Structures are given as structure tokens and as C-alpha cells.
Amino acid sequence: MNILFLNAILFTPEKGVIPKMKSIKDTMIYNMCLGAKKLGHHVTLVASADYKPIEKEEYDVEVLFFKSNFRKIFKPSSLPFSLELKHFLKQNHTKYDLVVSGGVFTFQSLMAAQICPLKTILWQEQTEHQQKLFKIPSKIWFNVVVPVCMSNIKVVVPRSFSAYRFTKQYLKQTSSIIVDHGINVDKFIQSDKKKRQIISSSQLVYRKNVDGIIEKFYHLHNIPGYEDIRLVIAGRGEEENNLKLLVKKLQLEESVKFVGFLSQAKLNEYIRSSMAFLVNTRKDLNMVSIPESIVSGTPILTNWQPASAEYIDKERLGIAKDNWSVEELKEIIDNNAMFVNNCISYRRNLTTENSVQMLIDIFNHAK
């Protein structure tokens, strides 16, 4: 098949600021494209030029960057709009057998729905109305734009059970089959050999609530028999200095290691040797680091905010509990072998090849 992936936003902006990156090769969508190529398909990825890497690089699939228009109204950090993309779709949609577009509430998906609806999958991660402007833009989109302009698309594939329940209200052709982010398992090696350490990897910003993780770790550190456990904190961000001050205040300097921003290969080294991956986010719905950890053989300890918490709980790939505490930390350490074995067994379900094949199978069987 000739497959077109539309994914304008490649990185998560923080406070409307798009990060300047040297490469896009560690992004979820680029690795999904590689998975499609491994299955024998010809692949094109389209993204916003605002996310183009600052250094020139060669790609294993065709990658096109289109400039954004009307930037003051439709900010590239949240809702990019591209006339170049619209023109490209009109001129080239007949070349493609399948168009996979990220999300219902995007202009790229609206364009695909208008130009080639019967070739289009909307791969949906939104699980509720976005909070911006009191949810009004999102509610207008789903209640007005969707039924008028997007009702003829072939199928919507949710990335979580929460996304299914939300989207099914507006598009009846929402699949009940969940397809999560695929992981390039060539980059994420699995291991059941664990050090006495746990890890948090994220942007070091307020919404990630890493300070809460440090405070929970402090209570674990003071329990006899667990004082040798180490906490690794990966990532960078505006809260880094405050987090280091908190570690110093709690006298945890010898037990907490800040390792900064890591390549996928180096991050995988830390993840696969850790007993648990910790998530304490205030509002993130989808975190690619969660399936990355699972395919590495490392269980997740998370609150219920991420959409993937449902299958983590169902498949016993860790523990999902709001306001998790030192008791859950102890449980995941004490029963680590069981959780690790579950993650390793589940690994094949989260490969890029499996995710792409599921999308294609759903598309082929959609009415």
C-alpha cells in the first residue's frame, strides 16, 4: 500500500513554545512510519515546517514539511493550518491507498475528510473536550464541524478506551478496537535483569508533577529494607533547579540521580534496568514513554490521568491508582518479577509493526 501519515505536531510544545530539536527520528510518528515500511508499504509523512529539525538529516521514508498559515489565529503549537497541505492533498490523494491522520480536532483531518474521506483513518487520542476557552472551540468542532464536514470518513481508530468513549458520541464509525502508539522495538531492548532503582522520565515542568514523585520516594527511602533503592530522573525543563533543591532539602542527594535529556538508546538503558517507571502527571492523556517502558520490560506505576492506565491495570503491567503512595511503590518492588514478566509478554502488542497492521486491518474491514 501507499500510506500517507498526517501528523503536523511532532513534539509537545510547552506553554506554546515549540522545542528546537536536532532530529525527528525519535518521534512516535516517524517510528510508526518505519514500522509501516518494514511491513513492505511505501510511506510518506507530512508535518508542519515549524517542527522541522534544526540540523539536516536523511530519512528512511519520504518526509514533507509544509508551512503554516494564519499563524496568529491558528497557532502552530496547537492547531496548525496549512494551505500547502490542502493543495498537496488535492493534487496527490489519488496516489495513496490509505491516509492516517492524527486526531479529529485538527485541520489536517478536516482536509482529509473533505478531499479523500473513504481513504481516511482518524487516529484519535483526545479523550475529552480541550480546556481552552472554556471548551468552546472543541465543543463547536465536535458538535458542528464533525457532523457537517467529517461524517463520511471511513473510520476513527481510538488510541485508548477513554478516546473511544468520547469519540463514539460524535462519530458512529469509531472502532471499538484500540490501537496505541507503536514502539520501535529495535531501539528499546527488553530485560528482566533489574537494578535496585526506579525511574521517572519526562519534561521537568509543573504539569508532570515530578516533585510529587520525589516526595513519595522520600517516604520509601525511610523504610528499612528499601533505603538502598535509587531514583533516576531523566529530562530537562524549567523546574529542574527547584527539583534539585527539593532533593537537597530532603537529604536525598546520594539516592536521586538527575541524568538530563537522553537519546532513546541511553534512555532505554536506564529504563530496562529499572524496577518501575513512575508517572504522576497532572494532565497528560497520552505519554509515549509508557509503552516504551513496557516494551523494555519495566512496569508502570501511574495515576489514572494517562489514557493507557486502563490497559496497564487490566493487563497487570504495573499499578494504576490515583494519589498512589509508598504502599504502591513497595508493592511494585516486592512483586517485581511478576509485573516484569507481564510486560515482556505484552511487548509484541506494542510494536510499530503490530500497530500499523491493526490500523490497516481495521481500515480494510470498515464498512
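Residues numbered from 1 in each chain as written. Predicted model: local features only at pLDDT ≥ 70, side-chain atom pairs only at ≥ 80, totals over all residues. Heavy atoms only, no water.

**Some thoughts on the overall build of the chain**
At step 1: Broken down by element type, the chain carries 13 helices and twelve strands.
At step 2: In terms of C-alpha radius of gyration, the chain reaches 21 Å, essentially the compact-globule figure of 21 Å for 367 residues.
At step 3: The principal-axis extent of the C-alpha atoms belonging to the chain is close to 65 × 40 × 40 Å.
At step 4: The 367 residues of the chain split such that 57% are buried.
At step 5: Here the analysis covers contacts within the chain between residues at least 6 apart in sequence; of these, 66% occur between residues at least 24 apart.
At step 6: As presented, the chain carries roughly 16900 Å² of accessible surface, and 51% of it is formed by carbon and sulfur atoms.
At step 7: Distance from the positive charge centre (49 side chains) to the negative charge centre (37 side chains) of the chain: 6 Å. (Helix = DSSP H or I, 4+ residues; strand = E, 2+ residues; numbered from the N terminus. Rg over C-alpha atoms; globule rule 2.2 N^0.38 Å. Buried < 20%, exposed > 50% of the residue type's maximum accessible area, 1.4 Å probe, protein only. Contact = heavy atoms within 4.5 Å. Areas by Shrake-Rupley, 256 points an atom, 1.4 Å probe, with all protein chains shown as cover. Lys, Arg positive; Asp, Glu negative; His and termini not counted. Charge placed at Lys NZ, Arg CZ, Asp CG, Glu CD.)

**Focus on the nonpolar core**
At step 1: Counting 34 residues, the largest nonpolar core has Phe5 and Trp123 as the members making the most contacts within it.
At step 2: Counting residues per element, the ones that place at least two in this core are strand S1 (2–6), helix H1 (28–38), strand S2 (42–48), strand S3 (62–66), strand S4 (98–102), strand S5 (120–124), strand S6 (155–158) and helix H13 (352–365).
At step 3: Among the elements that take part in this core, H1 stands out by supplying seven residues, more than any other.
At step 4: Not counting residues up to four positions away in its chain, the partners in contact with phenylalanine 5 are Ile29, Cys33, Ala36, Val43, Thr44, Leu45, Val46 and Val100. (Core = buried A, V, L, I, M, F, W, Y, C linked by side-chain atoms within 4.5 Å.)

**Concerning unusual backbone geometry**
At step 1: We note that phenylalanine 70 has phi near 50°; this positive angle belongs to a residue other than glycine.
At step 2: Relative to the helices and strands, phenylalanine 70 resides in the loop between S3 and helix H2 (83–92).
At step 3: With phi around 55°, arginine 316 is a residue other than glycine that occupies positive phi space.
At step 4: Relative to the helices and strands, arginine 316 is located in the loop between helix H10 (309–315) and strand S12 (318–320).

**Some remarks on helix H6 (residues 210–221)**
At step 1: For H6, with twelve residues, the first-to-last C-alpha span of 16 Å sits near the 16 Å given by 1.5 Å per residue.
At step 2: All buried positions along H6 are accounted for by Val210, Gly212, Ile213, Ile214, Lys216, Phe217, Leu220 and His221.
At step 3: Those residues of H6 that are buried lie in contact with strand S7 (197–201), strand S8 (230–234), helix H7 (240–249), strand S9 (256–260), strand S10 (277–278) and helix H11 (326–334). (Expected span 1.5 Å × (residues − 1).)

**Some details on the pattern of salt bridges**
At step 1: Summed over the entire model, instances satisfying the criterion amount to 15 salt bridges.
At step 2: Of the charged contacts, one joins lysine 187 and aspartate 26 as a salt bridge, the two residues approaching to 3.7 Å between their closest N and O atoms. Of this pair, lysine 187 sits in the loop between helix H5 (161–167) and S7 while aspartate 26 sits in the loop between S1 and H1, placing them 161 residues apart in sequence.
At step 3: According to the relative accessible area criterion, lysine 187 is partly exposed, its value standing at 24%.
At step 4: What makes aspartate 26 partly exposed here is its relative accessible area of 40%. (Salt bridge = Lys/Arg side-chain N within 4 Å of Asp/Glu carboxyl O.)

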